[in-house]
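Report on the structure
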Amino acid sequence: MRKLIAAALLTLGCAFAVAGEAQRVSEDPVLEAKVQSLAEVLRCLVCQNQNLADSHADLAIDLKNQVRDMLRQGRSEKEVIDYMVERYGDFVLYRPPLKTTTWLLWGGPFLLLGGGMGGLFYFLRRRKELAEAPLDDQQRTAAARLLQG
Amino acid sequence: MRRFLLPLIVFVVLVGFLAVGLRLNPREVPSPFIGKPAPAFTLSQLHQADAQFSPQDMRGQVWLLNVWASWCVSCRQEHPVLVELSRHKVAPIIGLDYKDDRDPAKAWLAEHGDPYRFSIWDRDGKVGIDYGVYGVPETFVIDKAGVVRMKHVGPLTQTVVSQKIIPLVKELNGA
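Residues numbered from 1 in each chain as written. Chains lettered and ligands numbered in written order. Predicted model: local features only at pLDDT ≥ 70, side-chain atom pairs only at ≥ 80, totals over all residues. Heavy atoms only, no water.

Topic: the domain arrangement of chain A
All names here are of chain A.
- Splitting chain A by domain gives domain 1 (1–97) and domain 2 (99–149).
- Across the contact, 4 residues belong to domain 1 and 4 residues belong to domain 2.
- With both sides pooled, the region where domain 1 packs onto domain 2 buries about 360 Å², and carbon together with sulfur makes up 56% of that total.
- Among the residues domain 1 hides against domain 2, the three largest losses belong to Asp 90, Pro 96 and Pro 97. Together they make up 86% of the total.
- Inspection of the region where domain 1 meets domain 2 yields 1 salt bridge. (Domains from an automatic or database assignment. Contact = heavy atoms within 4.5 Å. Buried area = accessible area lost by both parts, 1.4 Å probe. Salt bridge = Lys/Arg side-chain N within 4 Å of Asp/Glu carboxyl O.)

What to know about the pattern of salt bridges
- According to the stated counting rule, one finds 12 salt bridges over all chains in the structure shown.
- Across the salt bridge formed by A:Arg87 and B:Asp130, the nearest N and O atoms sit 2.9 Å from each other. One end of the pair, A:Arg87, is in helix α4 (residues 77–88); the other, B:Asp130, is in helix α4 (residues 126–130), on a second chain. For the pair formed by A:Arg87 and B:Asp130, the shared burial category is buried.
- Across the salt bridge formed by B:Asp143 and B:Arg149, the nearest N and O atoms sit 2.9 Å from each other. (Helix = DSSP H or I, 4+ residues; strand = E, 2+ residues; numbered from the N terminus. Buried < 20%, exposed > 50% of the residue type's maximum accessible area, 1.4 Å probe, protein only.)

Comments concerning α4(A)
- Look at α4(A): 16 Å from first C-alpha to last across 12 residues, which is about the 16 Å you get at 1.5 Å a residue.
- Buried residues of α4(A): A:Val80, A:Tyr83, A:Met84, A:Val85, A:Arg87 and A:Tyr88, and no others.
- On the buried face of α4(A), the contacting elements are α2 (29–41) and α3 (58–72) of chain A together with α4 of chain B.
- Downstream of α4(A) by a residue or two, A:Gly89 has a phi angle that is positive, lying close to 80 degrees. (Expected span 1.5 Å × (residues − 1).)

Considerations on the packing of aromatic side chains
Residues and elements named next belong to chain B.
- Applying the stated criterion across every chain yields a total of 9 aromatic pairs over all chains.
- Aromatic pair Phe 41 and Tyr 131: ring centres 5.7 Å apart, planes at 75 degrees, arrangement edge-to-face. Of this pair, Phe 41 sits in the loop between α1 (2–23) and β1 (43–44) while Tyr 131 sits in the loop between α4 and β6 (138–142); the two residues are 90 residues apart in sequence, bridging distant segments of the chain. Grouping residues by exposure puts Phe 41 and Tyr 131 together as buried.
- For the ring pair Tyr 131 and Phe 140, a centre distance of 5.4 Å and an interplane angle of 80 degrees mean the geometry is edge-to-face. The same class applies to Tyr 131 and to Phe 140, which are both buried. (Phe/Tyr/Trp six-rings, centres within 6.5 Å; stacked < 30°, edge-to-face > 60°.)

Digging into the interface of chain B and chain A
- Contact with chain B, which involves 15 residues of that partner, is made by 16 residues of chain A.
- When chain B packs against chain A, close to 1,300 Å² is buried across both sides, 49% of that on carbon and sulfur atoms.
- Seen at the junction of chain B and chain A, the total is 3 salt bridges.
- B:Lys99 is the partner of A:Asp62 in a salt bridge, and the nearest nitrogen-oxygen pair spans 2.3 Å.
- Taken together, chain B and chain A are joined by 6 residue pairs in polar contact (both at pLDDT 80 or more).
- Counting residues per element, the side of chain B that touches chain A draws most heavily on α4(B), which supplies 4 residues.
- By residue class, the composition of the side of chain B that touches chain A is 8 nonpolar, 2 polar and 5 charged. (Polar contact = N/O pair within 3.5 Å; in protein donor to acceptor, adjacent residues only side chain to side chain. Nonpolar A, V, L, I, M, F, W, Y, C, P; charged D, E, K, R; others polar.)

Thoughts on the sheet that holds β6(B)
Residue and element names in this part refer to chain B.
- Strand order in the open sheet made by the 5 strands is β5-β4-β3-β6-β7, with mixed pairing throughout. In this open sheet, the two strands that pair with only one neighbour each are β5 (118–122) and β7 (148–153). The average angle at which neighbouring strand axes cross in this sheet is 20 degrees, direction not considered.
- Inspection of the sheet shows strand β3 (residues 63–68) paired to β6 by 5 bridges, in the antiparallel sense. In the sheet register, Val 67 faces β6, and the bridge partner there is Glu 138.
- Across the sheet, helix α2 (residues 73–87) touches β3, β4 (93–98) and β6, and the angle it forms with β3 is around 160 degrees.
- Relative to β3, helix α3 (residues 102–112) is tilted by about 115 degrees, and along the sheet it contacts β3, β4 and β5. (Pairing = 2+ DSSP bridges. Axes fitted to C-alpha atoms, helices over the stretch in contact; angles between N-to-C directions.)

Side note on the state of the cysteines
All names here are of chain B.
- What the rule picks out here adds up to 1 disulfide over all chains.
- Linked covalently through their sulfurs, Cys 72 and Cys 75 form a disulfide whose S-S length is 2.2 Å. On the sign convention where negative means left-handed, the S-S torsion of about 95 degrees between Cys 72 and Cys 75 marks this disulfide as right-handed. Neither Cys 72 nor Cys 75 differs from the other in exposure class; each is buried. (Disulfide = S-S within 2.5 Å.)

Structure below.
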């Protein structure tokens, strides 16, 4: 019975937690969807591995409100993103732009892939060469002797 | 012997990358403001609610804008350094009280000392967003023309002040 009550309380608690999260959302679902999509491409600078949509840091909430306010004022999504980049730099973008300072970031994985493929190719070819080396007569007679027991 | 050479090289390169990575501070995001005009705003002062301040008022002076708050723990760590800096009268320091309430902020300054010429009050953090503030405390060095010359994120230390800020302010004042 006690467990049941505890479970009921926990469930209730969850319901309240969800209710608490839904603060300051406008009634307009189209606007909200836009805010959400922008919040997914902007980085939270406090908890740097999260985007604004996932983060509950104060700054993330402020920035989300800022995004919402700007969209409500009729600014385009690009204007909102430019506004954030102007203030927080490219780092605020979850997908960093391709620039001279970021080519290694974008190209690095392909470089590694290329290196790995090259290494694998080299290894396989060398193994094939070793495996296909024909036996000379001496080895052949030695093998035959072994096979006959 | 040769078969160990390649793994060894890979290992050394990897160690090199990790060693550099350990020394980097991921919280230090390069500020896009350096060399750009400090964003304009008008805010009321913390102590005198009817007195307004805008960065325009500081034209012709090299000044520091220090973002602080009474709820900010690392501001406590930084504060003695600021108080010391203000004694040397290197440059006027304006405080930006970020997302704070007036009373606790005033009490905090009364308790820890007030290094600021005055503080301005950014209740909802809008000016903070305009200045790209993401981790209080932050300090901006702004030159005579109102251009941001340096931004320091996190608590100021004696080393940062004596090796970076003071030389920079002197240079900007000389020019």
